[in-house]
Amino acid sequence: LNLALNIVAKCGVPPWVLPDAIPDADFFVGLSYTGNAARGAERLMGYANVFNQYGRWVFYSANTAAFAYEDRAEYFRELIRQTFERLSLSETPSIYFHYSAKFSREDRQAILEAARRVRPRGTYSFVWINEHHNVRLYDERPETNGSLTRGSYVVSSPYQLYLSTTGHNPYRKTLGTPKMLEVNITVERPEGVPNPKPDLRALAIQLLSLTKLNWASTDSLCAEPITIKYAGDIAYLTSAFLRQGQTFRLHKVLEKTPWFL
């Protein structure tokens, strides 16, 4: 079934999307990179996977030139510019950037500058989804297996929450585990527009919805949002391709095909 699903998806047929649009979001952009992230080492600039408000994968964008760590801001700008130019955006879009590593101030500023050049009045949210942390939360109720129920979240600060995506589920007991996603958000609004604290409940709903859209498996539930899952899969596969030769460049036709499934 998974093989049949992969073939259908690669032929351009969306297996499923969300029944309703995610509120206050036009597009989600999952970012990743391939290579050595050590300071001073060259790495391959990563990839942008774009999803619309229904969670449908739209296209893949990449910059395949190797670059030094200190030049990453320039490459971030170019990647975001190329990505935005391919999107049909309103004058005031709401875009979410998802990343599995922490956004540095320099990285965030580079992305924001590139986005503002295309749509200066857009609202841009930077979401760091951290799976590598030491926090564990438990549910002591006797009807659970001890892990926090899938879909539960705990607010730890005005800009941070912990979301359970694989916790206790009465229909899928094998998902039980106390490990949660640490989610951090920074929102950049246009100049002159009030900037209230982010709605963390809405953010938790967004991310939980995005865990139900993995086209690589007939299992509709996923531990991580597809924005960072697909980005990570692409980084892993591209790294494998690079080990086979000196260069790798994806054919343009495949940029609108989920080849990585």
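None of the values given here were measured: they were computed from a predicted structure. (Residues numbered from 1 in each chain as written. Predicted model: local features only at pLDDT ≥ 70, side-chain atom pairs only at ≥ 80, totals over all residues. Heavy atoms only, no water.)

> Is there a simple way to explain the nonpolar core in this structure?
The tendency in soluble globular proteins is for nonpolar side chains to be buried side by side. If you look at the biggest cluster of nonpolar residues, it comprises 35 residues, and the most contacted ones within it are Tyr60, Leu203 and Tyr230. If sequence neighbours within four positions are ignored, Leu203 has contacts with Val127, Leu161, Val183 and Ile185. Counting residues in hydrophobic clusters, the runner-up holds 25 residues, among them Phe59, Phe97, Tyr124 and Phe126. (Core = buried A, V, L, I, M, F, W, Y, C linked by side-chain atoms within 4.5 Å. Buried < 20%, exposed > 50% of the residue type's maximum accessible area, 1.4 Å probe, protein only. Contact = heavy atoms within 4.5 Å.)

> Just to check I follow, could you spell out the environment of Leu31 for this structure?
In this fold, Leu31 is placed in strand S1 (residues 27–35). Residues Leu31 and Val50, spaced 19 residues apart in sequence, show a C-alpha to C-alpha distance of 9.1 Å. Not counting the four nearest positions on each side in its chain, Leu31 is found in contact with Tyr47, Ala48, Phe76, Leu79, Ile80, Phe97, His98, Tyr99, Phe103, Ile111 and Ala231. (Helix = DSSP H or I, 4+ residues; strand = E, 2+ residues; numbered from the N terminus.)

> It is not clear to me how the pattern of salt bridges should be interpreted in this structure. Could you clarify?
Should the charged atoms of two oppositely charged side chains come close, the side chains can pair. For the structure shown, the criterion picks out seven salt bridges. Taking the shortest distance from any N to any O, the salt bridge between Glu85 and Arg81 comes out at 2.8 Å. With Glu85 and Arg81 both in helix H2 (residues 72–85) and four residues apart, the pair spans about one turn of that helix. When its relative accessible area of 31% is taken as the criterion, Arg81 is described as partly exposed. When the shortest N-O distance is used, the salt bridge between Arg141 and Asp139 registers 2.9 Å. The partly exposed category is assigned to Arg141, whose relative accessible area is 42%. The exposure class assigned to Asp139 is buried, which follows from its relative accessible area of 12%. (Salt bridge = Lys/Arg side-chain N within 4 Å of Asp/Glu carboxyl O.)

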